[in-house]
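Observations on the model geometry
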Amino acid sequence: MFERFASWGTRWSGSTTAFILASASIVLWLVTGPMFHWSDTWQLVANTVTTVITFLMVFLIQRTQNKDSLAMQLKLNEVVAAIEGASNRLISVEDLSEEDLRTLHTHYSKLAEMAKEHRLTDSHSIEEAEARHEDKKERRNQHPRVK
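In this report, we go over the structure that sits alongside the text. (Residues numbered from 1 in each chain as written. Predicted model: local features only at pLDDT ≥ 70, side-chain atom pairs only at ≥ 80, totals over all residues. Heavy atoms only, no water.)

**What to know about helix α4 (residues 98–117)**
Here α4 spans 29 Å end to end across 20 residues, near enough to the 28 Å set by a 1.5 Å rise per residue. Packed against the buried residues of α4 are α5 (126–142). (Helix = DSSP H or I, 4+ residues; strand = E, 2+ residues; numbered from the N terminus. Expected span 1.5 Å × (residues − 1). Contact = heavy atoms within 4.5 Å.)

**Focus on the environment of threonine 16**
By secondary structure assignment, the location of threonine 16 is in helix α2 (residues 16–32). Each C-alpha atom of the pair threonine 16 and alanine 115 lies 47 Å from the other, and the pair is 99 residues apart in sequence.

**Quick notes on the pattern of salt bridges**
Pairing is possible between side chains that carry opposite charge, provided their charged atoms lie close to one another. What the rule picks out here adds up to 4 salt bridges. Two residues, glutamate 3 and arginine 63, come together in a salt bridge whose shortest N-O distance is 3.8 Å. Of this pair, glutamate 3 sits in helix α1 (residues 2–13) while arginine 63 is found in helix α3 (residues 40–82), placing the two residues 60 residues apart along the sequence. Glutamate 3 gets classed as partly exposed once you look at its relative accessible area, which sits at 47%. Across the pair lysine 110 and glutamate 130 runs a salt bridge whose closest N-O atoms are separated by 3.3 Å. On the criterion of sequence distance, the pair formed by lysine 110 in helix α4 and glutamate 130 in helix α5 is long-range, its members being 20 residues apart. (Salt bridge = Lys/Arg side-chain N within 4 Å of Asp/Glu carboxyl O. Buried < 20%, exposed > 50% of the residue type's maximum accessible area, 1.4 Å probe, protein only.)

**Here we look at the packing of aromatic side chains**
Within this structure, the stated rule accounts for 5 aromatic pairs. Plain terms: the ring middles of tryptophan 29 and tryptophan 42 are 4.4 Å apart, the flat faces sit at 0° to each other, and that makes the pair stacked. Here tryptophan 42 lies in helix α3 and tryptophan 29 lies in helix α2, a separation of 13 residues in the sequence. Look at tryptophan 29 and you get partly exposed, because its relative accessible area is 31%. The class for tryptophan 42 is buried, based on a relative accessible area of 8%. Ring centres of tryptophan 38 and tryptophan 42 lie 5.1 Å apart, and the angle between their planes is 85°; this geometry places the pair in the edge-to-face category. Looking at tryptophan 38, the relative accessible area reads 46%, which means it is partly exposed. Taken together, the aromatic side chains of Phe5, Trp8 and Trp12 make up a single cluster linked through ring pairs. (Phe/Tyr/Trp six-rings, centres within 6.5 Å; stacked < 30°, edge-to-face > 60°.)

**Topic: unusual backbone geometry**
If you check the backbone angles, tryptophan 38 has positive phi at about 50° while not being a glycine. For tryptophan 38, the location among the structural elements is in the loop between α2 and α3. Residue serine 92 is not a glycine yet carries a positive backbone phi of 60°. Structurally, serine 92 is set in the loop between α3 and α4. Of the residues examined, serine 92 reaches a relative accessible area of 27% and is grouped as partly exposed.

**Looking at the packing of α1 against α3**
Two elements in contact, α1 and α3, have axes separated by 10 Å at closest approach and are oriented at 105°. Classified by the interaxial angle, the pair formed by α1 and α3 is roughly perpendicular. Within the contact between the two elements, α1 uses Phe2, Glu3, Ala6, Ser7, Gly9, Thr10 and Ser13 and α3 uses Met57, Leu60, Arg63, Thr64 and Lys67. When its residues are assigned to classes, the contact of α1 with α3 shows 4 nonpolar, 5 polar and 3 charged. (Axes fitted to C-alpha atoms, helices over the stretch in contact; angles between N-to-C directions. Parallel < 35°, antiparallel > 145°, perpendicular 65-115°, else oblique. Nonpolar A, V, L, I, M, F, W, Y, C, P; charged D, E, K, R; others polar.)

Honestly, it's all geometry; don't read function into it.
Rendered as structure tokens:
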């Protein structure tokens, strides 16, 4: 039940109706200012209402981002799992520790450096890239260019 309510709240809060209602509330607040002589209570009511709404929206936004992030990760995992030659070590990479992520980043940085010498699309994994890199170096050494 909460999930349905949260999904509805997320959809509604991003709607044109919600924007118009929020804009109308601001106009109403400004119009009533002179009637309440711009009192501290008048300002406090507006501040309290907007603070409560903002507080609740933070949780709705975070929930939506978590759900979207998980869905995106699952889609990416499916792509990695489906592509032959792709490194399966990247499936669920978001669950690795920061140290493991830094290690993978180092490996892929090395791959990027090697790719600067060749077409990036020639390699699908670090191991394959290293093997291709070594093969290319050996071929260059066996057949030096004539100048």
